[in-house]
Amino acid sequence: MSKLILVALAVGALWSAAGDNAQENPATTHISAADILATIGSAPEGRVSDQQIRHIDAGGHNVGLGVVQRPPSTSLGAIQHHKQTEVYYVVSGRGTLVTGGELTDGRALDPEGQTVRTLTGPSSVGGIEGGESRDVGPGDMVIIPAGSPHGFSEITETITYIVVRVDPEQLVELK
């Protein structure tokens, strides 16, 4: 698991460093396996939990790392991040992730709300029409580009995944 976590972090860091305004030598941030496991362990049972561990300026772009845990469910709700790309690494559990297509009945999240300010940046929620379904489980990684609606249509067992958030316009608060 440690090697795949490092791969996910490297993808986010490299992606963010590719911007035109990148600093020459941005500081390095280390997030230990113990920190990640402690975050996973502190997730409340039976409800969705999205915990940002760090969100840093990576030299002209921000990159965040968090842990999301979702309990079993069979309802498809979707979110679309307008400016932020996400990379998921599934640690445990299984589900059917739907991505792409069109966001239906979209409602913008409160731009001053905690979720927008500290996790997702400007985003809308709704349903998905015409998306692609894929089963995901431990060890799988998924890259979800900015503007792509996404959500789980079914979670068969509690799913926990690490999320790398690439924030090229530096819209999310640093942590």
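All chains use their own residue numbering, which begins from 1 and follows the written sequence. Only residues with pLDDT of at least 70 are given local features in this predicted model, and only at 80 or more are side-chain atom pairs given and counted; all residues enter the totals for whole chains, interfaces and linings. Working from all heavy atoms in the structure, the side-chain values ignore hydrogens and water.

1. Some thoughts on the overall build of the protein
Thought 1: Helix numbering and strand numbering both begin at the N terminus, where a helix is a DSSP run of H or I of at least 4 residues and a strand a DSSP run of E of at least 2. When helices and strands are counted, the protein shows 3 helices and 9 strands.
Thought 2: Secondary structure elements of the protein, listed N to C terminal, follow the sequence α-α-β-β-β-β-β-α-β-β-β-β.
Thought 3: Only protein chains enter the calculation, and the probe is 1.4 Å; a residue is then buried if its accessible area is under 20% of its type maximum, exposed if over 50%, and partly exposed in between. By the burial criterion, 45% of the 175 residues in the protein qualify as buried.
Thought 4: A separation threshold of at least 6 residues defines the contact pool for the protein, and within that pool the share at least 24 residues apart is 81%.
Thought 5: Only the protein chains shown count as covering a residue, and every accessible area follows the Shrake-Rupley method with a 1.4 Å probe. For the protein, the computed accessible surface area is about 8,700 Å², with 50% contributed by carbon and sulfur atoms. A contact between two residues is defined here by any heavy atoms of the two lying within 4.5 Å.

2. Brief notes about the environment of Ser 123
Thought 1: Within the secondary structure layout, Ser 123 lies in strand S6 (residues 123-129).
Thought 2: According to the relative accessible area criterion, Ser 123 is buried, its value standing at 2%.
Thought 3: Along the backbone, Ser 123 and Leu 109 are 14 residues apart, and their C-alpha atoms lie at a distance of 5.8 Å.
Thought 4: Here Ser 123 is in contact with Ile 79, Gln 80, His 81, His 82, Arg 107, Ala 108 and Leu 109, once residues within four sequence places are set aside.
Thought 5: Counting of polar contacts relies on pairs of N or O atoms within 3.5 Å, with two restrictions inside protein: one atom must be capable of donating a hydrogen and the other of accepting it, and residues adjacent in sequence are counted only when both atoms are side-chain atoms. Polar side-chain contacts of Ser 123 include one of 3.1 Å to the side chain of Thr 120.

3. Some details on unusual backbone geometry
Thought 1: The phi dihedral of Asp 105 is positive, around 50°, even though this residue is not glycine.
Thought 2: Along the polypeptide, Asp 105 turns up in strand S5 (residues 102-108).
Thought 3: Overall, the relative accessible area of 66% leaves Asp 105 in the exposed class.
Thought 4: Backbone geometry places Gln 170, a non-glycine residue, at a positive phi of 55°.
Thought 5: Mapped onto the fold, Gln 170 is located in the segment after strand S9 (150-167).
Thought 6: Under the relative-accessibility criterion, Gln 170 is labelled partly exposed at 36%.

4. A look at the pattern of salt bridges
Thought 1: In what follows, salt bridge is the name for a side-chain nitrogen of Lys or Arg lying within 4 Å of a carboxyl oxygen of Asp or Glu. Within the structure shown, the criterion is met by 6 salt bridges.
Thought 2: Arg 54 is the partner of Asp 35 in a salt bridge, and the nearest nitrogen-oxygen pair spans 3.9 Å. Of the two residues, Asp 35 sits in helix H2 (residues 33-41) while Arg 54 sits in strand S1 (residues 49-57), which places them 19 residues apart along the sequence.
Thought 3: Residue Asp 35 is classed as partly exposed on the basis of its relative accessible area, which comes to 31%.
Thought 4: Glu 132 is the salt-bridge partner of Arg 134, the closest N and O atoms lying 3.2 Å from each other.
Thought 5: Arg 134 sits in the partly exposed class, given a relative accessible area of 26%.

5. Topic: the pairing of strand S3 (residues 78-81)
Thought 1: Of the two faces of S3, the one carrying Ala 78 and Gln 80 and the one carrying Ile 79 and His 81 are both buried.
Thought 2: Strand pairing follows a simple DSSP-based rule, namely that at least 2 bridges must link the two strands. Relative to S6, S3 runs antiparallel, the two sharing 4 bridges. Following the sheet pairing, Ala 78 is matched in S6 by Gly 126.

6. Here's the deal with the environment of Leu 174
Thought 1: Counting through the fold element by element, Leu 174 comes out in the segment after S9.
Thought 2: Among the residues examined, Leu 174 registers a relative accessible area of 53% and is labelled exposed.
Thought 3: Other than its neighbours up to four places away in sequence, Leu 174 contacts His 55, Ile 56, Asp 57 and Asn 62.

7. Quick look at the environment of Ser 42
Thought 1: Inspection of the secondary structure puts Ser 42 in the loop between H2 and S1.
Thought 2: In terms of polar contacts, Ser 42 uses its side chain to reach the backbone carbonyl oxygen of Thr 39, at 3.0 Å.

8. Some details on the packing of aromatic side chains
Both the distance between ring centres and the angle between the ring planes are used here to describe each pair of aromatic rings.
Thought 1: When the centres of two rings from Phe, Tyr and Trp lie within 6.5 Å, Trp using its six-membered ring, the rings pair. Their planes under 30 degrees apart give stacked, over 60 give edge-to-face, and anything left gives tilted. The tally for this structure, following the rule as stated, stands at 2 aromatic pairs.
Thought 2: Here the aromatic rings of Phe 152 and Tyr 161 are separated by 5.9 Å at their centres, their planes lie at 40°, and the arrangement is tilted. For the pair shown, Phe 152 and Tyr 161 are each scored as buried.
Thought 3: Each member of the aromatic cluster is reached from another via a ring pair, and the members are Tyr 88, Phe 152 and Tyr 161.

Remember, this is a structural readout, not a statement about activity or role.
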